[in-house]
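# A structural walkthrough
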Amino acid sequence: MKRGNDRVAFSLVEVTIALAVASFCLLILVGLLPAGINMNHNSFAQTVGINLSTSIAADLEATATNCATTPTNCTSPIYSIPIVAPQASSSITTTLYMQDNGSFGSAVKNGPYRVTVTTKGPGAANVHAATTARIFVTWPAPVNPSTGRPDAVDTIISLNRN
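First, a word on scope: everything that follows refers to the structure included in this document. All residue numbers here refer to positions counted from 1 along the written sequence of the relevant chain. The predicted nature of this model means local features are confined to residues of pLDDT at least 70 and side-chain atom pairs, given and counted, to a pLDDT of 80 or more, with totals for whole chains, interfaces and linings taken over all residues. Water and hydrogen atoms play no part in the side-chain values, which are based on all heavy atoms of the structure.

## So, the sheet that holds strand S7 (residues 151–159)
In any sheet, the strands associate via hydrogen bonds between backbone groups, in a parallel or an antiparallel arrangement. Strand pairing requires that DSSP identify at least two bridges connecting the strands. Only DSSP runs of H or I reaching four residues or more are called helices, and only runs of E reaching two or more are called strands; each is numbered from the N terminus. Here we have five strands laid out as an open sheet, ordered S4-S3-S5-S6-S7, and antiparallel in their pairing. Only two strands of the sheet have a single partner each, and these edge strands are strand S4 (104–105) and S7. Sheet analysis places strand S6 (residues 131–139) next to S7, joined by nine bridges and oriented antiparallel. Residue pairing in the sheet places threonine 132 in a bridge with serine 158 of S7.

## Regarding the packing of aromatic side chains
One pair of aromatic rings is described through two measures. These are the centre distance and the angle between the planes. Classification of ring pairs uses Phe, Tyr and Trp, with its six-membered ring standing for Trp, and accepts pairs whose centres are within 6.5 Å; under 30 degrees between planes counts as stacked, over 60 as edge-to-face, and the remaining range as tilted. Tallying each qualifying case throughout the model produces two aromatic pairs. By the criterion adopted, a ring carries a charge over it if an Arg CZ or a Lys NZ lies within 6 Å of its centre and within 35 degrees of its normal. The cationic tip of arginine 134 hangs over the ring face of phenylalanine 136; the distance from NZ or CZ to the ring centre is 4.5 Å.

## A word on the nonpolar core
Put simply, buried Ala, Val, Leu, Ile, Met, Phe, Trp, Tyr and Cys residues joined by side-chain atoms within 4.5 Å make one nonpolar core. Under the scheme applied here, a residue whose accessible area is under 20% of the maximum for its type counts as buried, over 50% as exposed, and between as partly exposed, the area being computed with a 1.4 Å probe on protein chains only. Grouped together as the largest cluster of nonpolar side chains are 21 residues, with contacts concentrated most on Ile56, Leu60, Val115 and Ile135. Counting residues per element, the ones that place at least two in this core are helix H1 (12–66), strand S3 (91–98), strand S5 (113–120), S6 and S7. Among the elements that make up this core, the one with the highest residue count is H1 (six residues). If sequence neighbours within four positions are ignored, leucine 60 has contacts with Ser76, Ile81, Ile83, Val117, Ala133, Ile135, Ile157 and Leu159. Contacts: residue pairs with any heavy atoms within 4.5 Å of one another.

## Considering unusual backbone geometry
Leaving glycine out, the prevailing phi sign among residues is negative, and the prevailing peptide bond configuration is trans. The amide bond that connects tryptophan 139 to the next residue, proline 140, takes the cis arrangement and shows omega of -5°. As for its position among the elements, proline 140 is in the loop between S6 and S7. Non-glycine residue serine 80 carries a positive phi angle of around 55°. Mapped onto the elements of the fold, serine 80 is located in the loop between strand S1 (74–75) and strand S2 (82–83).

## Here's the deal with a nonpolar patch on the surface
Patches here are clusters of residues that have more than 30% relative accessible area and form no salt bridge, with a 9 Å joining cutoff for like charges and a 5 Å cutoff for nonpolar side chains (Val, Leu, Ile, Met, Phe, Trp, Tyr). Under the convention used here, a 1.4 Å probe and the Shrake-Rupley method define accessible areas, while residue burial counts only the protein chains that appear. Salt bridge, as used here, is a side-chain nitrogen of Lys or Arg placed within 4 Å of a carboxyl oxygen of Asp or Glu. Together, Phe10, Val15 and Leu19 line one region of the surface with nonpolar side chains, adding up to about 340 Å² of accessible area. Relative to the helices and strands, valine 15 resides in helix H1.

## Remarks on the environment of alanine 141
By the element assignment, alanine 141 lies in the loop between S6 and S7. Overall, alanine 141 belongs to the buried group, its relative accessible area being 0%. Those residues in contact with alanine 141, other than ones at most four positions away along the chain, are Tyr97, Val108, Gly111, Pro112, Tyr113 and Arg114.

## Looking at the side chain of aspartate 59
Of note, aspartate 59 is situated in helix H1. Note on aspartate 59: relative accessible area 3%, which makes it buried. A polar atom in the side chain of aspartate 59 sits 3.3 Å from the backbone nitrogen of isoleucine 78. Contact partners of aspartate 59, with chain neighbours within four places excluded, come to Ser76, Pro77, Ile78 and Tyr79. Polar contact is the term for a pair of N or O atoms within 3.5 Å; when the atoms are in protein, one must be able to donate a hydrogen and the other to accept it, and sequence-neighboring residues count only if both atoms are side-chain atoms.

Shown next as structure tokens:
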């Protein structure tokens, strides 16, 4: 007995279904691409914000160590941020606009990151307490943190000036 055609092949319906499934999967991948790029951008900006905050904290800590015996306000050597005198109970707020690489200025055009540093002394009654500093890094810089909702990194440090 003679058999019929022994060729094995996909039918047109099977090929059409396979192409539809593959197209659907590719469409999902293309749809997720912008979300991944946006997440990468946000992650990069947050990393830069943390690096700027760490750099400023190191500058303030070095300044606090160098002027522990000074009864007046000191200024940090790198970023020129004033630190209140150890006996003062007042606070000083400084705003800088910074680039990714740490360069800075006092106008929005100087960088995409707004850095607000507030130093507060413990006061004369608490001479042996630490001076505190709040480093608040926000981006984009034109968005005012008191009126808008920018992305931010907030760091609070204690400066040992005793």
